[in-house]
Every structure is written in structure tokens, then in C-alpha cells.
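# Observations on the model geometry
Read off the chains here:
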Amino acid sequence: MNAFHKLKDRVAIVGVGNTAYGNFPEIDDFGLGARAFRNAVEDCGIGKDQIDGLLVCRVPSYARMGEILGLNPRWTVQMPPHGRMSGMAIIEAAAALDAGLCDYAALIYANIGRSRRVNYGGDESPGVWDPWGFTSPGASHALMFQRHSALYGTTTRQLAEVSVAFRHHACLNPSAVMKQPITIDDHEAARPITEPLRLLDYCLINDGAVCIIMTTKERARDLKKRPVMISGIGAREAYSTASIPNFSLNFWYDEMRDVAAQAYGMAGVGPADVDALMCYDNFSPTVLFSLEGLGFCEQGEAGSFVEGGALKLGGRLPTNTDGGHLSNSYMQGWALNIEAVRQLRGECEGRQVKDAEVVQYCGATPCSRSIIYTAG
Amino acid sequence: MQGTTAKPRPRIDPVSRGFWDNARAGKLSVQMCQDCGDKHFPGSPVCPKCLSENQSWAPVSGKGTLLSWVRFHRAYWDGFRDDLPYLVCLVGLDEGPLLMSNLAGVEPEQIRIGARVEAIFESIDEEFTLPKFRVSD
Ligand SMILES: [Zn+2]
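Analysis parameters
Residues numbered from 1 in each chain as written. Chains lettered and ligands numbered in written order. Predicted model: local features only at pLDDT ≥ 70, side-chain atom pairs only at ≥ 80, totals over all residues. Heavy atoms only, no water. Domains from an automatic or database assignment. Contact = heavy atoms within 4.5 Å. Buried area = accessible area lost by both parts, 1.4 Å probe. Polar contact = N/O pair within 3.5 Å; in protein donor to acceptor, adjacent residues only side chain to side chain. Helix = DSSP H or I, 4+ residues; strand = E, 2+ residues; numbered from the N terminus. Nonpolar A, V, L, I, M, F, W, Y, C, P; charged D, E, K, R; others polar. Pairing = 2+ DSSP bridges. Axes fitted to C-alpha atoms, helices over the stretch in contact; angles between N-to-C directions. Salt bridge = Lys/Arg side-chain N within 4 Å of Asp/Glu carboxyl O. Buried < 20%, exposed > 50% of the residue type's maximum accessible area, 1.4 Å probe, protein only. Lys, Arg positive; Asp, Glu negative; His and termini not counted. Donors = N, O, S within 2.8 Å, 3.2 Å for Na, K, Ca; no water. Tetrahedral: all angles 85-135°; square planar, octahedral: opposite > 155°, others 65-115°.

### A word on the domain arrangement of chain B
All names here are of chain B. Here chain B is partitioned into domain 1 (13-60) and domain 2 (61-137). The C-alpha-based centres of domain 1 and domain 2 are spaced at 21 Å. Contact residues are listed per partner, giving twelve residues for domain 1 and 16 residues for domain 2. Both sides of the domain 1 and domain 2 interface together cover about 1100 Å² of buried area, and 76% of this is carbon and sulfur. The largest contributions to the domain 1 side of the interface with domain 2 come from R24, L28 and V60, which together make up 47% of the buried area. The interface formed by domain 1 and domain 2 includes one residue pair in polar contact (both at pLDDT 80 or more). For the side of domain 1 that touches domain 2, the secondary structure elements donating two or more residues are α1 (17-24) and β2 (39-40). At four residues, α1 tops the list of elements feeding residues into the side of domain 1 that touches domain 2. Looking at the side of domain 1 that touches domain 2 residue by residue, the classes come out as seven nonpolar, two polar and three charged.

Below, the structure written as C-alpha cells:
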């Protein structure tokens, strides 16, 4: 048993809010963050001046955000604008709340990458491999998928199952950006970007914001909605090949095995107990790697695991029921975490997983994380 | 300032200079710790294993194994637009470190992951030579 396992069911998510997702050149990150914050405050029924903890991610200034929201908290954290930060942020906030560093924490994420035309490659993110033309996180996922194919025979038609399932969910989600169903053949015919990956293996780039409000179990009881408990957490970094951004020669398998042992061990559940998975999906291959690392299947078997719509609602493991980064919104893990909360509250209407009791978030990245949520 | 059609050039600093000097002389090298012998790439201000600053750029065999590849169909720099689609490979050097590079003289259909590869050197101009790889078996 790890010492941090004492955090089990100590901290809850009590409020979630988001903006519309799309292309909003008329509003900045602070404006979007403020809208999401207002929605989350309304969702949990808290007085906003009770909030004494502020975490911002991809918001340019914590101080300006505080000024705009009229907050003078006693705990502040600013996270860099990287996709892997959502799970890290929620875990940091849980530890701070448990320690009493704050009583109510608001976590705010905002992204204006669409309207400001962010590229995620080239001169925007200079690296040591630029002279050879290697750049962009998608290219790293292409390298990994190519190697996975060579080692285990995974096919692009199997990879397509990921994008097809998540698009199916987006079509059931009124706030999702993408509304057109796709087929495996559509995936195969899409424009190649970094071969073997194609356009439909890539996440969206869109504007939007998400806010999560957290507090301790005791305080959570007095709020508007049924709390969602943080029952398990797991964490492991992989920095030894950080110069190849977003890359792991072994698909973050060892790290995710470690993350899984920590999180399942703490929550007292296993993969078979997971009613829905919210899986970080900046690019479709990482979903396959996550399934293997968490132990939903053996290493090398994720291709066959996902065949036949296994990740769809009604399938053996409903995954990214909001449509994920591939088809709902590129909120870098944040929207997946609020989808987990909404599933456990039973608020998902046409995309609701029946009787959801255990929902897991995971991200296989250089900072791999997982959070197991249960209904409080 | 480079023109917009130029390809990106290496960022040469006190740590990386030895690699590019060796490349210009037709030698592939990795950074080696003089205290513990650890070999790594890219260069680092201290040895990641023992934190020593006593390091040098040690020539390696130039031989390795193809671990993966990706073919770019999008130009993130205008300078690569005329090369599309172009191949980038991931090589595991026999001495250990991983290297990203370009794979010359093959089509994707012919590429076998696990193939043996060896370094070749492409002179870009008098200051800068780019190590690339070709299949050797
Ligand atoms: Zn050393």
C-alpha cells in the first residue's frame, strides 16, 4: 500500500462547467475561463467567494484570472499549457485540499488555439530534430504506431475503430464540435498527415474552457449535487527520451502498468469494474497504448480488443463518451474529466452509460496519470 | 535571418558544438561521460547518470537498427515543402542512444523495422553537415 492511498475518497469534484466549443476569435482565454468558472459555480451552488484555491492551466496569468473573477485565494498553482496537465492538476488539488491548504479549489483551463491558429509543430516548438524535418506530437505518435504495427501486427483498420467510436459518441453529444458519423473506410481514405497517421487520427484544435470545483468529502455533502469521489490515483513520468516529444519506445507500457497498479490498488477495483473509460486521445494510437498499459488487454492486443465497436456505448468498454479530443473538443483532458463526473451523476442523456458507478480517466503521456472516480 | 524557404538549421551551442563539428568531418558521435562512461544523445550539460560535467563527443560506429519511421505529408516549415512526402527514421545506435534522422534511398514499401542501417553524411554548406542513414543489409 502506498502512503498516498489514504487520499482514497477524501476529496470530491462538486462542480463542473464548460463553455461552448468552437472558433471564438472575439473572446480571449480569460473570458472563456470566466464563463466556464461561472457555469461550474452555478453547477455546485457554492458562493464564489468561498473559493480559496485557484489552479489555472493554459490561462496566461493566474493573477489576472483572479482579478477577473474577484478571487484572492490562499492557494494558487499555474500549470503549463501541455495536454498532460489535467490529471496532474486534479491530483495536486486533491492533495492540497486534503492538507488543508485550501477548502474549495477552482481549476480553470482555457484554450484559444483554433482562433489563434496554433500549429503544434515547426518554429512554434523548436527541437533538436528540426534539421531533419521531425516535428509535432502527431509525428511521434506515428512513429509509435508504426512500431506497434511492426511488433504486433496492429492495422490501421483497427486503429480506425478508435476514431469511429468517438465520432459516434460526438454525434450523441449536443455540445460536440464534430457531428458527421464516420466509417472505417472514411478513416482509411482520409488525408495522410504523418504517415501512417491520417487526418482522422488527429485531435481537433478548437477554442473553449473547462472549470472543475473540488472540495473535501465533508464539505461536499452540503452542496447542490451528489459529489463524485476521487477513489484512486496513479502517476509515473517518462523523461528519459524527452527530446523526442510525446514519445515512448515501449508505448508508455511500463509507466502505465505502474499507474494502473497505483490507481486500482488505491480504489480497490480492477479493469473489469470500470463502467466507462475517459482516455486522453490527442492522437488515436495512444488509446491503444492506454488499454494495454492499464491491463484491459495484454500488450500488443489492443488492436483486436477494439474491433467490432468495443469502445462504443453498449460495447465492452464505453470510452470517451463525449467524443474525446478526436471529435468532441480539444480540451486536453479537462473535458474528459468533467464527462467522467457527468456520467457518474447520470447527466449524459443520450450518451449515458447505464448505472455507471466506476469511471476511469487516463492519459498515457510523458506524465502518465489515471484517476478513478466513483459516485459519492 | 533565414529566408522563408530555408530548412531549419541546428542550434549550435557549447554543449552541441562537438556533435556538429564531428559531423562536418564525416564522423557520427554521441556525448560520453569521462567519469562513468555513459553515452547519450542529445548532449546534456551534465551526465544524466552521474551528473559529471566531464564529458566529450565520442565517435561511434554509425551502425544501428531501424526502430521506426514516419513519412511527412505536411510541411511544418516551407523549406521542406518541395521534399514532401519525406521520411524520418528513428535509429537505435549500436552504442545505445536513439537518434532521429532521415532515411535515404528507400521507399516506404521496402522499409523493414529492425533493418540494419548505417550513417551517411550530407553536406548542407561549408558550416553544416547532416548525418543521415541508409539501409545496410
Ligand atoms: Zn557520468
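### Let's talk about the sheet that holds strand β1 (residues 11-18) of chain A
Residue and element names in this part refer to chain A. Read across the open sheet, the nine strands follow the order β3-β2-β4-β7-β1-β8-β11-β10-β9; overall the sheet is mixed. This sheet does not close on itself; its edge strands, each paired only once, are β3 (75-79) and β9 (276-279). Along the sheet, successive strands turn relative to each other by an average axial angle of 25°, direction set aside. Here two bridges tie β1 to strand β8 (residues 228-237), and the two strands are oriented antiparallel to one another. Paired with I13 across the bridge in β8 is V228. Docked against the sheet, helix α2 (residues 62-69) engages β2 (53-57), β3 and β4 (104-111), running at close to 125° with respect to β2.

### Some points on the pairing of strand β7 (residues 116-125) of chain B
All names here are of chain B. The sheet contact formed by strand β4 (residues 63-72) and β7 spans three bridges and is antiparallel. Residue pairing for β7: K63 is matched across the bridge by E118. Judged from the eight bridges that link them, β7 and strand β8 (residues 128-135) form a sheet pairing that is antiparallel. When the bridges of β8 are listed, A119 appears paired with F133. Counted between consecutive antiparallel strands, the loop separating β7 from β8 contains two residues.

### Some words on the pattern of salt bridges
All names here are of chain A. For the structure shown, the criterion picks out 28 salt bridges over all chains. Ionic pairing is found between R74 and D52, a salt bridge with its closest N-O pair at 3.1 Å. With R74 in the loop between α2 and β3 and D52 in the loop between α1 (29-44) and β2, the pair connects residues that are 22 residues apart, well separated along the chain. A residue is classified by how much of its surface remains accessible, and R74, at 48% relative accessible area, is partly exposed. What makes D52 buried here is its relative accessible area of 13%.

### Examining the side chain of A:D322
Residues and elements named next belong to chain A. Relative to the helices and strands, D322 is located in the loop between α10 (302-306) and α11 (324-328). Buried and unpaired, D322 has R351 as its nearest opposite-charge partner, separated by 6.4 Å. Of the polar contacts made by the side chain of D322, one reaches the side chain of N328; its length is 3.0 Å.

### Some thoughts on the coordination of the zinc ion
Residues and elements named next belong to chain B. Each protein donor to the zinc ion is listed here as C33 (SG), C36 (SG), C47 (SG) and C50 (SG); together their distances run 2.3 to 2.4 Å. Each of the four donor atoms bound to the zinc ion contributes to angles spanning 103 to 116°, and the resulting shape is tetrahedral. In terms of primary sequence, the donors binding the zinc ion are separated according to C-x2-C-x10-C-x2-C. Taken as a pair, C36 in the loop between β1 (29-33) and β2 and C50 in the loop between β2 and β3 (55-59) lie far apart in primary sequence, 14 residues in all. Residue class for C36 comes out partly exposed when judged on its relative accessible area of 34%.

### Examining the interface of chain A and chain B
Residue-level contacts link 29 residues of chain A with 30 residues of chain B. Between chain A and chain B, roughly 2800 Å² of surface is buried when both sides are summed, and carbon and sulfur atoms account for 70% of that area. The largest contributions to the chain A side of the interface with chain B come from A:P131, A:W132 and A:E195, which together make up 29% of the buried area. Applying the counting criterion to the chain A and chain B interface returns one salt bridge. Here B:R71 makes a salt bridge to A:E195, at a shortest N to O gap of 2.8 Å. Here chain A and chain B share ten residue pairs in polar contact (both at pLDDT 80 or more) between them. Secondary structure elements with two or more residues in the side of chain A that touches chain B: α4 (137-152) and β5 (192-195) of chain A. Among the elements that line the side of chain A that touches chain B, the one with the most residues is α4(A), at six residues. Taken together, the residues of the side of chain A that touches chain B sort by class into 15 nonpolar, ten polar and four charged.

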